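What follows is the residue order along each chain.
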Amino acid sequence: MDGRQAGAAGEDAATRVFVEKLKAVRQASEGRPDDELRETLRQALRAELSGLTEVEVGRRLDLARDYLVGEARRREQALQRLEAEMRRLASDTESLRAERDRLAEENARLRVTPDRQADRPGLDEMIAKMRDGLHLLTQGREVTPESIGLPQSEARLFRLVGALLLFALNYETGVHALLQEIDVGPGMGTILRKQQKKIIEDRFRACLDNREGSIQALQEALAKNSRFLPEMDKAYTTAVRQGVQALLGNLDPQPFLDENKGALGIINFEKAWRAFSNRHSDLSSLPPADMWERFFQETFKKKLADYLEPGASRG
């Protein structure tokens, strides 16, 4: 790393520290009138920038502004990824329903001639091959009916069951990854995420091995997974409803009138309107990510955390 790179890294670190201090001041002043909040921030800026030249002060503020703009853009990109993931999960759910209906039809067809199916030669061998193939699928291996020696007559059933198995695996893994992305539930590092993926895979392998209690554990997990999209929709709807109420509460004109009432009860309408306009301007200038974080995010995450409440299978 040359001198310029080292200087840039140090400058980035100083800017990050500078911005975090201002954020801490803002959080500590949460709920106070906007005039007081602005004055507190001005005092914090004076303290941080004292002793610097006018040029250096302008440079520091430009760097802080660029840092905040970049941070807001990253938050907005994270929201866009969340919305895309929600659309993908909704599409996958529809695919699962279609596969479930086809599997039900297949089971109904197989039940029509149980005696003849039981008398077929090599049935146990084919079931064993299917089980082995599904085992390989849970390990991330690529499997085809031909690679495990299944006859053409059973290829469609194996592909159907394999598709359902992979969907259920990927769906639950995706749910856990999405919860980590939006910071809901206990945080996980890379190692814990790999362990969680193995736990999900082992649950399906336990059913293939006919272990005691494995079917009940799988049914509980699938029931919980089926609730995820409705719970997310409920959390989003609640967050929007409560967030809009909170946002409108910030623009209620009555507090501005009350705060600008004189000793004789005479309202200074000009001052009240100026305070209201400042509040409206501050809210209007918030980036979408900051607007979400300030008015909607806490409710969304708290409501979605109900999905992880004890009583539902955690895998």
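Please read all numbers here as calculations on a predicted model, not as lab measurements.

Enquirer: Run through the packing of helix H9 (residues 228-249) against helix H13 (residues 297-304), naming residues and quoting values.
Expert: Where H9 meets H13, the closest approach of the two axes is 8 Å, and the angle between their N-to-C directions is 150°. Compared by their axis directions, H9 and H13 come out roughly antiparallel. Crossing hand, H9 versus H13: right-handed. Where H9 abuts H13, its residues Phe228, Glu231, Met232, Lys234, Ala235, Tyr236, Thr238, Ala239 and Gln242 lie against Thr299, Phe300, Lys303 and Leu304. The residue makeup of the contact of H9 with H13, split by class, is 7 nonpolar, 3 polar and 3 charged.

Enquirer: Summarise helix H8 (residues 214-226); cite the residues concerned and give the values.
Expert: Between its terminal C-alpha atoms H8 stretches 18 Å, which fits the 18 Å expected from 13 residues at 1.5 Å a residue. When H8 is considered as a whole, its buried residues turn out to be Ser214, Leu218, Ala221, Lys224 and Asn225. Here the buried residues of H8 occupy an arc of 125° about the axis, which is enough to place them on one side.

Enquirer: Break down a nonpolar patch on the surface for me, with residues and values.
Expert: Together, Tyr236, Val240, Val244 and Leu248 make up an exposed nonpolar region whose accessible area comes to about 320 Å². Position of Leu248 relative to the elements: it lies in helix H9.

Enquirer: Can you lay out unusual backbone geometry for me, pointing to particular residues and giving the numbers?
Expert: In this model, Asn210 sits at a positive phi of 60°, which is unusual for a non-glycine residue. Following the sequence through the fold, Asn210 ends up in the loop between helix H7 (190-208) and H8. Of the residues examined, Asn210 reaches a relative accessible area of 68% and is grouped as exposed.

Enquirer: Describe the packing of aromatic side chains, with residues and values.
Expert: Within this structure, the stated rule accounts for 7 aromatic pairs. What links up through ring pairs into an aromatic cluster is the set Tyr236, Trp292, Phe296 and Phe300.

Enquirer: Tell me about the pattern of salt bridges, and please be specific about residues and values.
Expert: Taken as a whole and judged by the stated rule, the model has 18 salt bridges. Taking the shortest distance from any N to any O, the salt bridge between Arg205 and Asp202 comes out at 2.7 Å. Placement of both Arg205 and Asp202 in helix H7 is noted, with a separation of 3 residues, approximately one turn of the helix. With relative accessibility at 13%, the residue Arg205 sits in the buried group. Residue Glu231 is joined to Lys234 by a salt bridge in which the shortest nitrogen-to-oxygen separation is 4.0 Å. Taken together, the residues Glu231 and Lys234, both in helix H9 and 3 residues apart, mark about one turn of the helix. Bridged by salt links that share partners, the residues Lys198, Glu201, Asp202 and Arg205 form one connected network.

Enquirer: Hey, could you go over the nonpolar core for me, with residue numbers and the actual values?
Expert: Grouped together as the largest cluster of nonpolar side chains are 24 residues, with contacts concentrated most on Tyr171, Leu179, Phe228, Met232, Phe300 and Leu304. When contributions to this core are tallied by element, the ones reaching two or more residues are helix H3 (54-112), helix H6 (152-181), H9, helix H12 (288-295) and H13. If we skip the residues at most four places from it in the chain, Phe228 touches Leu89, Tyr171, Val175, Leu178, Leu179, Leu304 and Tyr307. Ile148, Leu150, Leu165 and Leu169 belong to the second-largest nonpolar core, a separate cluster that totals 17 residues.

Enquirer: I'd like a rundown of the side chain of Glu231, residues and numbers included.
Expert: Judged by its relative accessible area of 15%, Glu231 falls in the buried class. Excluding its chain neighbours within four sequence positions, the residues that come into contact with Glu231 are Leu304 and Tyr307.

Enquirer: Requested: an account of the packing of helix H5 (residues 123-138) against H6, with residues and values cited.
Expert: At a closest axis distance of 10 Å, the pairing of H5 and H6 adopts a crossing angle of 30°. Viewed along their axes, H5 and H6 adopt a mutual orientation that is roughly parallel. H6 is crossed by H5, and the crossing has right-handed handedness. Of the residues in H6, those touching H5 at Met126, Met130, Gly133, Leu134, Leu137 and Thr138 are Glu154, Leu157, Phe158, Val161, Gly162, Leu165, Leu166 and Leu169. Residues that form the contact of H5 with H6 fall into these classes: 10 nonpolar, 3 polar and 1 charged.

Enquirer: Give me the side chain of Arg205: which residues, what numbers.
Expert: A distance of 2.7 Å separates the side chain of Arg205 from the side chain of Asp202, its partner in a polar contact. In this structure, Arg205 is in contact with His135, Thr138, Gln139, Lys198 and Arg211, ignoring residues within four places of it in sequence.

Enquirer: Lay out the environment of Ile148 with the relevant residues and their values.
Expert: Of note, Ile148 is situated in the loop between H5 and H6. When the C-alpha positions of Ile148 and Lys129 are compared, they lie 6.3 Å apart, and in sequence the two are 19 residues distant. Apart from residues lying up to four places away in sequence, Ile148 is in contact with Lys129, Met130, Gly133, Val143 and Phe158.

What counts, and where the lines are drawn
- Residues numbered from 1 in each chain as written.
- Predicted model: local features only at pLDDT ≥ 70, side-chain atom pairs only at ≥ 80, totals over all residues.
- Heavy atoms only, no water.
- Axes fitted to C-alpha atoms, helices over the stretch in contact; angles between N-to-C directions.
- Helix = DSSP H or I, 4+ residues; strand = E, 2+ residues; numbered from the N terminus.
- Parallel < 35°, antiparallel > 145°, perpendicular 65-115°, else oblique.
- Left-handed = near helix turned anticlockwise from the far one by under 90°.
- Contact = heavy atoms within 4.5 Å.
- Nonpolar A, V, L, I, M, F, W, Y, C, P; charged D, E, K, R; others polar.
- Expected span 1.5 Å × (residues − 1).
- Buried < 20%, exposed > 50% of the residue type's maximum accessible area, 1.4 Å probe, protein only.
- Arc of directions from axis to C-beta.
- Patch = residues over 30% accessible without salt bridge, like charges linked within 9 Å, V, L, I, M, F, W, Y side chains within 5 Å.
- Areas by Shrake-Rupley, 256 points an atom, 1.4 Å probe, with all protein chains shown as cover.
- Salt bridge = Lys/Arg side-chain N within 4 Å of Asp/Glu carboxyl O.
- Phe/Tyr/Trp six-rings, centres within 6.5 Å; stacked < 30°, edge-to-face > 60°.
- Core = buried A, V, L, I, M, F, W, Y, C linked by side-chain atoms within 4.5 Å.
- Polar contact = N/O pair within 3.5 Å; in protein donor to acceptor, adjacent residues only side chain to side chain.

The quantities given are spatial measurements derived from coordinates; they are silent on function.
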